[in-house]
Amino acid sequence: MAGRSRIEWTEVTWNPTTGCDRVSAGCDNCYALTLANRLKAMGAAKYQRDGDPRTSGPGFRVTLHEDTLSAPQRWREPRLVFVNSMSDLFHARVPFDFVRRVFDVMAATPQHTYQVLTKRATRLARVAHRLSWPENVWMGVSVENEEAMTRVAALRRVPAAVRFISAEPLLGSLSGLDLTDVHWLIAGGESGPGARPVNPDWVRQLRDQCLRADVAFFFKQWGGRTPKAGGRLLDGRTWDQMPSRGPGAMPSYRTMTA
């Protein structure tokens, strides 16, 4: 019900919902949509419902998974958990009651740290006050270009202990990005067939903005044909900074270790 993840900034993934719809330029080459198509062909039970071909695809219709909801309560060792790597918890087709139940599970398992990421920042901000926000829930928004920067203002309205930005795939300069009340930023280039190249100056710009604002900076990849094709070095070093985590931890940063 949870898989060890190859994503550098997390440990495991947990998908109480699957499926999504494209909403912005960052979705054009969605890895999850491609993977869902493959999983459907393999007969995976969670990926047998097709989404709208205009915005989604085979095996990628938004689907709730009751049998997965309680999975973190059975994990004994603390884990860093990426929530809905194959969906968006704040998608309009995910009922608010189900969103609240996901938050209830996260609150009931304080030994784990949860990373929730959305492109639906408007809905997030609209319902945030109706949710409980335990310290072990980190909330983030995807910001791939200037047009998506409005999501950060919505994120600031969320009372999460850690607020973060995922600038991946980074598709343009974010020179005007306001990092006020943001604790962590992940940057990365796109990977896979048709990957759009990232300009190194866009990445350096984000790194320097984070250094000035004392925001933890994590550079995931340059991207290319595969996620590992371009490596992870930025000006000769890796950037693996993470917000501190654990009971009562303040959102200063540390370097992630294996």
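Summary of the structure given here. Because the structure is a prediction, the values reported are computed rather than measured.

## Quick notes on the overall build of the protein chain
Link 1 in the chain: Helix and strand content of the protein chain: six helices and 12 strands.
Link 2 in the chain: Taking 18 Å as the expected radius of gyration for a compact globule of 258 residues, we find that the protein chain reaches 17 Å, a close match to that expectation.
Link 3 in the chain: Counting only C-alpha atoms, the protein chain reaches 45 × 45 × 35 Å along its principal axes.
Link 4 in the chain: Residues classed as buried in the protein chain amount to 54% of the 258 residues present.
Link 5 in the chain: Considering only contacts in the protein chain between residues 6 or more positions apart, those separated by 24 or more positions represent 67%.
Link 6 in the chain: Of the roughly 11,700 Å² of accessible surface on the protein chain, a fraction of 51% belongs to carbon and sulfur atoms.
Link 7 in the chain: Separation of charge centres in the protein chain, based on 35 positive and 25 negative side chains, amounts to 5 Å.

## Structural notes on the environment of N136
Link 1 in the chain: Mapped onto the elements of the fold, N136 is located in the loop between α4 (121–127) and β7 (137–142).
Link 2 in the chain: We classify N136 as buried; its relative accessible area is 9%.
Link 3 in the chain: Spatially, the C-alpha atoms of N136 and T109 are 8.6 Å apart, while their sequence positions differ by 27 residues.
Link 4 in the chain: A polar atom in the side chain of N136 sits 3.2 Å from the backbone oxygen of T109.

## Points about unusual backbone geometry
Link 1 in the chain: Cis rather than trans, the peptide bond between E168 and P169 has omega equal to -5°.
Link 2 in the chain: For P169, the location among the structural elements is in the loop between β8 (162–167) and β9 (184–188).
Link 3 in the chain: One non-glycine residue, D235, adopts positive backbone phi at about 50°.
Link 4 in the chain: Structurally, the position occupied by D235 is in the loop between β10 (216–221) and β11 (241–243).
Link 5 in the chain: Residue D235 is classed as partly exposed on the basis of its relative accessible area of 45%.

## Observations concerning the pairing of β10
Link 1 in the chain: Among the six residues of β10, six are classified as buried, and the element is accordingly described as predominantly covered.
Link 2 in the chain: Of the pairings in the sheet, the one linking β9 to β10 comprises five bridges and is parallel in character. Note on β10: the bridge partner recorded for W184 is A216.
Link 3 in the chain: For the segment spanning β9, helix α6 (residues 200–213) and β10, crossover handedness is right-handed.

## Describing the pattern of salt bridges
Link 1 in the chain: Overall, the coordinates contain 16 salt bridges when judged by the stated rule.
Link 2 in the chain: When the shortest N-O distance is used, the salt bridge between D208 and R207 registers 3.0 Å.
Link 3 in the chain: A residue is classified by how much of its surface remains accessible, and D208, at 29% relative accessible area, is partly exposed.
Link 4 in the chain: Residue classification places R207 among the buried residues on the basis of a relative accessible area of 12%.
Link 5 in the chain: In this structure, a network of salt bridges that share partners links the residues D201, R204, R207, D208 and D235.

## Describing the pairing of β7
Link 1 in the chain: Most of β7 sits out of view: six of its six residues are buried.
Link 2 in the chain: By the alternation rule, side chains of β7 split into V137, M139 and V141 and W138, G140 and S142, which are all buried.
Link 3 in the chain: Relative to β7, strand β6 (residues 113–118) runs parallel, the two being bridged by five bridges. Bridging across to β7, T118 finds its partner in V141.
Link 4 in the chain: For the crossover from β6 across α4 to β7, the handedness is right-handed.

## A few points about the nonpolar core
Link 1 in the chain: One finds W14, F90, W133, L185 and F217 to be the most contacted residues of the largest nonpolar core, which totals 57 residues.
Link 2 in the chain: If one sorts the elements of this core by residue count, helix α3 (residues 96–108) sits on top with seven residues.
Link 3 in the chain: Ignoring anything within four residues of it in the chain, the contact list for L185 reads I165, L177, L179, L206, C210, V215, A216, F217 and F218.

## Overview of the side chain of S56
Link 1 in the chain: Residue position: S56 is located in the loop between α1 (31–41) and β4 (63–64).
Link 2 in the chain: Only 3.0 Å separates the side chain of S56 from the backbone oxygen of C20, close enough to count as a polar contact.

Cut-offs used in this document
- Residues numbered from 1 in each chain as written.
- Predicted model: local features only at pLDDT ≥ 70, side-chain atom pairs only at ≥ 80, totals over all residues.
- Heavy atoms only, no water.
- Helix = DSSP H or I, 4+ residues; strand = E, 2+ residues; numbered from the N terminus.
- Rg over C-alpha atoms; globule rule 2.2 N^0.38 Å.
- Buried < 20%, exposed > 50% of the residue type's maximum accessible area, 1.4 Å probe, protein only.
- Contact = heavy atoms within 4.5 Å.
- Areas by Shrake-Rupley, 256 points an atom, 1.4 Å probe, with all protein chains shown as cover.
- Lys, Arg positive; Asp, Glu negative; His and termini not counted.
- Charge placed at Lys NZ, Arg CZ, Asp CG, Glu CD.
- Polar contact = N/O pair within 3.5 Å; in protein donor to acceptor, adjacent residues only side chain to side chain.
- Pairing = 2+ DSSP bridges.
- Right-handed = clockwise from strand over helix to strand, strands pointing away.
- Salt bridge = Lys/Arg side-chain N within 4 Å of Asp/Glu carboxyl O.
- Core = buried A, V, L, I, M, F, W, Y, C linked by side-chain atoms within 4.5 Å.

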